[in-house]
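Structural description and commentary
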Amino acid sequence: MKILIVASDKGGHFVPFIEEQITALEACGVQIVRYGVTGKGIIGYLRELPTLRRFIRTEQPDIIHAHYGLCGLLANLQRLVPVVTTYHGSDINKPQILRLSKIAMCLSAHNIFVSKKNVLLAFRLSPFAFRLKKRSTLLPCGVNLTDDQLSSRTEARKALGIADDAQVVLFAGAFANAVKDAPLAQDAIAAFPASTPHTLHPTPILQELRGFSRAEVNCWMCAANCLLMTSKSEGSPQVIKEAMACGCPIVRVDVGDVAERTSGVEGCYVVHTREPKDIAEALQKAIAFEGKTKGRDRIIEMGLSNEQFAQRLIAIYEGVLA
């Protein structure tokens, strides 16, 4: 089976979780070829259609797997090879992009959604909802499970040069990304009780999670007291599943599928408001949590290791070709 992956080009590669999916598929014997979209905006994407068609004629893939709605729309306009499109959240949560994603949904041989909330938004008020649901699957992206995620907090802090008594809160994304809402996270840290010489721990440090390699991210997640997510919207955020794989406690507002993913995992807390004081209270509980969470076990239970995910993805490909 030969699969052409179509996704936005990130300097000669795709975003890490797509690259990890590709590696897992190749380990299962799937042949992968890539087409990285370099255009910007809908016009930039559509201008790549002739080049994509030539690439398809040369490579002769069995299926195209497009990631994100705009890539799905581009991939479907070629009409030479069936397309599976995965929608990751931003292509559903933003109304102006959702309109284009819905066209891709109608044209795709199969649609993959990463969260129940995205499914509801995608099919809301759609006259084609019943027909589309028959060729759609709810399948959150998987994560790699690696040995370095098993490092203890002490080991990870030694590697990073972090003091044992420091309180480190990882921010789930880049401060500059407005959707991640860094000001809310900073307000929550500011809402902590003032540090005094008599307090057991100092005020937490909010560490931006940006610009690190996968190995460095794992080390930070093993070293941190908890991960904090304050996003305004999400699909099925990889960073939550990555933190679970490392056993890192988590505090998150109720966006995307994070409540479902972390449900029942001790040391993971959902905050149903966007009040800094409420988030600060949950952070105090997470920081007080001792040891690793059972998030890794939950990942396996949900079938969301990349090895498990690849098998489910291959079954979708086989169904399209049947």
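Residues numbered from 1 in each chain as written. Predicted model: local features only at pLDDT ≥ 70, side-chain atom pairs only at ≥ 80, totals over all residues. Heavy atoms only, no water.

Positive phi values are uncommon outside glycine, yet Gln60 reaches one of about 55°. Tracing the backbone shows Gln60 in the loop between α3 (49-59) and β3 (63-67). Despite not being glycine, Asp181 shows a phi value in the positive range, around 60°. Positionally, Asp181 belongs in the loop between β7 (168-171) and α10 (182-190). (Helix = DSSP H or I, 4+ residues; strand = E, 2+ residues; numbered from the N terminus.)

The subject of this paragraph is the confidence of the model for the protein. In low-pLDDT segments, the atomic positions of the prediction should not be examined closely. Summary statistics for the protein give a mean pLDDT of 92 and a share of 97% for residues scoring 70 or more. By mean pLDDT, helix α8 (residues 129-133) is the weakest element of the protein at 76, and β3 is the strongest at 98. Overall, residues 195-199 carries pLDDT values under 50, and its contacts beyond four positions in sequence, including any with other chains, amount to four contacts. (pLDDT = per-residue confidence, 0-100. Contact = heavy atoms within 4.5 Å.)

Below, the discussion takes up the nonpolar core. Core analysis: the largest hydrophobic core is formed by 51 residues, its most contacted members being Met221, Leu227, Ile279 and Leu283. With 23 residues, the next largest nonpolar core counts Ile5, Leu139, Phe309 and Leu313 among its residues. (Core = buried A, V, L, I, M, F, W, Y, C linked by side-chain atoms within 4.5 Å. Buried < 20%, exposed > 50% of the residue type's maximum accessible area, 1.4 Å probe, protein only.)

In the structure shown here, the tally under the stated rule is five aromatic pairs. A network of ring pairs unites the aromatic residues Tyr87, Phe113 and Phe123 as a single cluster. (Phe/Tyr/Trp six-rings, centres within 6.5 Å; stacked < 30°, edge-to-face > 60°.)

Time to look at the sheet that holds strand β1 (residues 2-8). Taken together, six strands build an open sheet; the order of strands is β2-β1-β3-β4-β5-β6 and the sheet is parallel. The open sheet has two edge strands, β2 (31-37) and β6 (136-138), and neither has a second partner. Sheet twist, expressed as the average angle between the axes of neighbouring strands with direction ignored, equals 20°. Strand direction decides the pairing type here: β1 and β3, joined by four bridges, are parallel. Of the residues in β3, the one forming a bridge with Leu4 is Ile64. (Pairing = 2+ DSSP bridges. Axes fitted to C-alpha atoms, helices over the stretch in contact; angles between N-to-C directions.)

Now for the packing of helix α11 (residues 214-223) against helix α12 (residues 238-245). Relative orientation of the contacting elements α11 and α12 amounts to 65°, with a least axis distance of 9 Å. Here the hand of the crossing between α11 and α12 comes out right-handed. For the pair α11 and α12, contact is made by Arg214, Val217 and Met221 and by Val239, Glu242 and Ala243, respectively. When its residues are assigned to classes, the contact of α11 with α12 shows four nonpolar, no polar and two charged. (Left-handed = near helix turned anticlockwise from the far one by under 90°. Nonpolar A, V, L, I, M, F, W, Y, C, P; charged D, E, K, R; others polar.)

The full count for this structure, using the stated rule, is 13 salt bridges. The closest approach of N and O atoms between Glu59 and Lys2, which form a salt bridge, is 3.1 Å. Of this pair, Glu59 sits in helix α3 while Lys2 sits in strand β1, and the two are 57 residues apart along the sequence. Among the salt bridges present, the one from Asp278 reaches Lys277, with a minimum N-O distance of 3.2 Å. Connected through shared salt-bridge partners, Lys116, Asp257, Glu260 and Arg261 make up one network. (Salt bridge = Lys/Arg side-chain N within 4 Å of Asp/Glu carboxyl O.)

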